[in-house]
Amino acid sequence: MTDTNRVFTLAKRPEGKPNRDTFELVERDVPEPGPGEALVRTLYLSVDPYMRDRMRAGESYAEPWGVGDPLEGGVVGEVVADNGTEFEAGDVVAGNLRWADFSTAAGPDLQRVDPDLAPISTALGVLGMPGRTAYFGTREVAQPDAGDTFVVTGAAGAVGSVAGQVAKLQGARVVGFAGSAEKVSFLEDDLGFDAGINYKETDDYRAALAEAAPGGVDAYFDNVGGPITDAVFTQLNVDARVAVCGQISQYNAEELPTGPRKLGQLIQKRATVEGFLIQDFAPRFEQATRQLGRWVQNGDITYRETVTEGLENAPEGFLGLFEGENIGKQLVKVADREE
Ligand code: NDP
């Protein structure tokens, strides 16, 4: 085993859009697992939109990274050494670990990944945090009933692609906004959405939505915010429910834009708008993962992954999220499992 560990740190706080200079790849020694810890070799790491928020100083729901700190996030890896955990060398685990070749973690902070259930990368996507966000955000917050029209933005991404399929399983009519013709055909042809809207092909989101959802919108799962959400608000039906999951269109803004206020539209429609954080559902994660696993195994849910090869290219994987370069879950593949 090598004794060098490549680790990404936050080189500086970005202003506006991050770029390659936001990140620095440094070399450190491979860490020794302390008592009760395991040493984990990274196989896949997850890059996620919320990480943009951790690059900002100040208050957020996720603690900000300090300049010079190692970056961290969801990782699937292989245990290479154990110092008193329940794991042994060769076990596949998931946890919140460093953007690095190797990390140490306390046993209780690692979850076992079953390689026989599905490809191990899914523990960061459809069977991991994004899948669970889609599951709870759809079923518990947006709550589409059979026959309802459900609209999801960021529809071809990790969360949106699963949210739309969960809504279909609830019997809803599903419309998704996504940023390319390829993504729209993924929604309509692979995922079974009733309609997809390529928002980069029109400025008139309201007209495009009125055409795709002539009966109005009963449940809205918002991943992006901004002008698309403004347009969806104009099409809400009475008693509509809005699940505010993410606002990626605003994440690189240094100041939040003001503009025509849309809340008046909620009055006549008696609509409910609810923000949610996936951590709040933690006691029920296992239940969600089991259900999602069954759906994936029997083909009710289809998933896609976009994989960037090589730890050194992790920043490109992250930056691509803001350019819409991913279809489904964006991952970085760092290493293969040991044979
Ligand atoms: P995605 O896989 O959806 O990747 C991000 C996608 O956002 C891109 O592919 C791009 O697709 C779209 N996008 C980027 N910029 C814009 C823009 N300006 N306007 C419209 N669309 C844009 O990411 P995730 O599925 O991981 O996350 C989706 C959302 O869910 C994020 O906002 C994230 O922060 C949020 N989230 C919230 C959680 C919670 O607990 N509340 C938990 C997990 C995620 P396109 O080509 O369509 O533009």
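Heads up: these notes are all about the structure in this document.

Thresholds, definitions, all that
Residues numbered from 1 in each chain as written. Predicted model: local features only at pLDDT ≥ 70, side-chain atom pairs only at ≥ 80, totals over all residues. Heavy atoms only, no water. Helix = DSSP H or I, 4+ residues; strand = E, 2+ residues; numbered from the N terminus. Rg over C-alpha atoms; globule rule 2.2 N^0.38 Å. Buried < 20%, exposed > 50% of the residue type's maximum accessible area, 1.4 Å probe, protein only. Areas by Shrake-Rupley, 256 points an atom, 1.4 Å probe, with all protein chains shown as cover. Lys, Arg positive; Asp, Glu negative; His and termini not counted. Charge placed at Lys NZ, Arg CZ, Asp CG, Glu CD. Contact = heavy atoms within 4.5 Å. Polar contact = N/O pair within 3.5 Å; in protein donor to acceptor, adjacent residues only side chain to side chain. Phe/Tyr/Trp six-rings, centres within 6.5 Å; stacked < 30°, edge-to-face > 60°. Lys NZ or Arg CZ within 6 Å of the ring centre and 35° of its normal. Pairing = 2+ DSSP bridges. Axes fitted to C-alpha atoms, helices over the stretch in contact; angles between N-to-C directions. Near = heavy atom within 4 Å. Nonpolar A, V, L, I, M, F, W, Y, C, P; charged D, E, K, R; others polar. Parallel < 35°, antiparallel > 145°, perpendicular 65-115°, else oblique. Core = buried A, V, L, I, M, F, W, Y, C linked by side-chain atoms within 4.5 Å.

The number of helices and strands found in the protein is nine helices and 15 strands. The C-alpha radius of gyration of the protein comes to 20 Å, within 12% of the 20 Å expected for a compact globule of 339 residues. Each principal axis of the C-alpha atoms in the protein carries an extent, and together these give about 60 × 45 × 35 Å. The burial tally for the protein puts 53% of its 339 residues in the buried class. Here the protein displays about 15,300 Å² of accessible surface, and carbon together with sulfur accounts for 45% of that area. Taken as two groups, the 31 positive and 54 negative side-chain charges of the protein have centres that lie 5 Å from each other.

A few words now on the environment of N5. Inspection of the secondary structure puts N5 in strand β1 (residues 4-10). Separated by 293 residues in the primary sequence, N5 and N298 have C-alpha atoms spaced 40 Å apart. In contact with N5, not counting residues within four places along its chain, are V26, E27, R28, D29, V30, P31, A100, D101 and F102. A polar contact is formed between the side chain of N5 and the backbone nitrogen of D101, at a distance of 3.2 Å. A polar atom in the side chain of N5 sits 2.8 Å from the backbone nitrogen of F102.

The next point concerns the packing of aromatic side chains. Throughout the structure, instances matching the rule amount to twelve aromatic pairs. Between F8 and F23 the ring centres are 6.3 Å apart and the planes differ by 85°, which places this aromatic pair in the edge-to-face class. One end of the pair, F8, is in strand β1; the other, F23, is in strand β2 (residues 23-29), with 15 residues separating them in the sequence. Residues F8 and F23 agree in their burial class; the two are buried. Between Y135 and W295, the ring centres sit 6.0 Å apart and the planes meet at 50°, which makes this aromatic pair tilted. With Y135 in helix α2 (residues 129-142) and W295 in helix α8 (residues 285-297), this residue pair connects regions lying 160 residues apart in the sequence. Like W295, Y135 is buried. Following the ring pairs from residue to residue traces out a cluster consisting of Y135, F136, F150, F221, F276, F281 and W295. It is R132 that lies over the ring of F285; its NZ or CZ is 4.5 Å from the centre.

Think of a sheet as strands paired side by side through backbone hydrogen bonds, with each pair either parallel or antiparallel. Here six strands make up an open sheet; going across it, the order is β10-β9-β8-β11-β12-β13 and the pairing parallel. Both edges of this open sheet fall to β10 (195-198) and β13 (272-275), since each of them pairs with a single strand only. The average angle at which neighbouring strand axes cross in this sheet is 15°, direction not considered. In this structure, strand β8 (residues 149-152) lies alongside strand β11 (residues 217-222), joined through three bridges in parallel fashion. Bridge pairing links F150 to A219 in β11. Packed onto the sheet, helix α3 (residues 158-169) meets β8, β9 (173-178) and β11 and runs at close to 175° relative to β8. Contacting β8, β9, β10 and β11, helix α5 (residues 205-212) runs over the sheet at an angle of about 155° to β9.

Turning to the side chain of T42, a few remarks are in order. Its place among the elements puts T42 in strand β3 (residues 37-46). In terms of polar contacts, T42 uses its side chain to reach the backbone carbonyl oxygen of A100, at 2.6 Å. What T42 contacts, discounting residues up to four positions off in sequence, is V75, V76, G77, R98, A100, D101, F102, V334 and A335.

With that out of the way, let us pick up the site of the ligand. V159, K183, Y199, Y251 and N326 are the nearest of the 26 residues found near the ligand. The contact in question runs from an oxygen atom of the ligand to an N or O atom on the backbone of A158, over 2.8 Å. Within the backbone of G179, one N or O atom sits 2.9 Å away from an oxygen atom of the ligand. Computed on the free molecule, the ligand has an accessible area of 920 Å², of which 92% lies beneath the protein chains in the complex. Residue composition of the shell around the ligand, by class: 15 nonpolar, ten polar and one charged.

The next thing to look at is helix α6 (residues 226-233). Helical periodicity: at 3.6 residues per turn, an α-helix aligns residues three or four positions apart in one direction. Among the eight residues of α6, six are classified as buried, and the element is accordingly described as predominantly covered. The set of residues buried in α6 consists of G226, I228, T229, A231, V232 and F233.

A few words now on the packing of α2 against α8. Any two packed helices are characterised by how steeply their axes cross, that is the angle between the axes, and by the distance between the axes. In the contact formed by α2 and α8, the axes pass within 10 Å of each other and the chain directions differ by 100°. Between α2 and α8, the crossing angle belongs to the class labelled roughly perpendicular. When α2 is examined against α8, the residues G131, R132, Y135, F136 and R139 are found in contact with a partner set consisting of F285, Q287, A288, T289, Q291, L292 and W295.

Side chains of nonpolar character tend, in soluble globular proteins, to be buried together. Of all hydrophobic cores here, the largest spans 36 residues; its most connected members are F150, L187 and I301. For this core, the secondary structure elements donating two or more residues are α2, β8, α3, β9, α4 (181-190), β11 and α8. Among residues more than four places away in sequence, those in contact with I301 are V126, V162, Q165, V166, L169, L292, W295 and V296.

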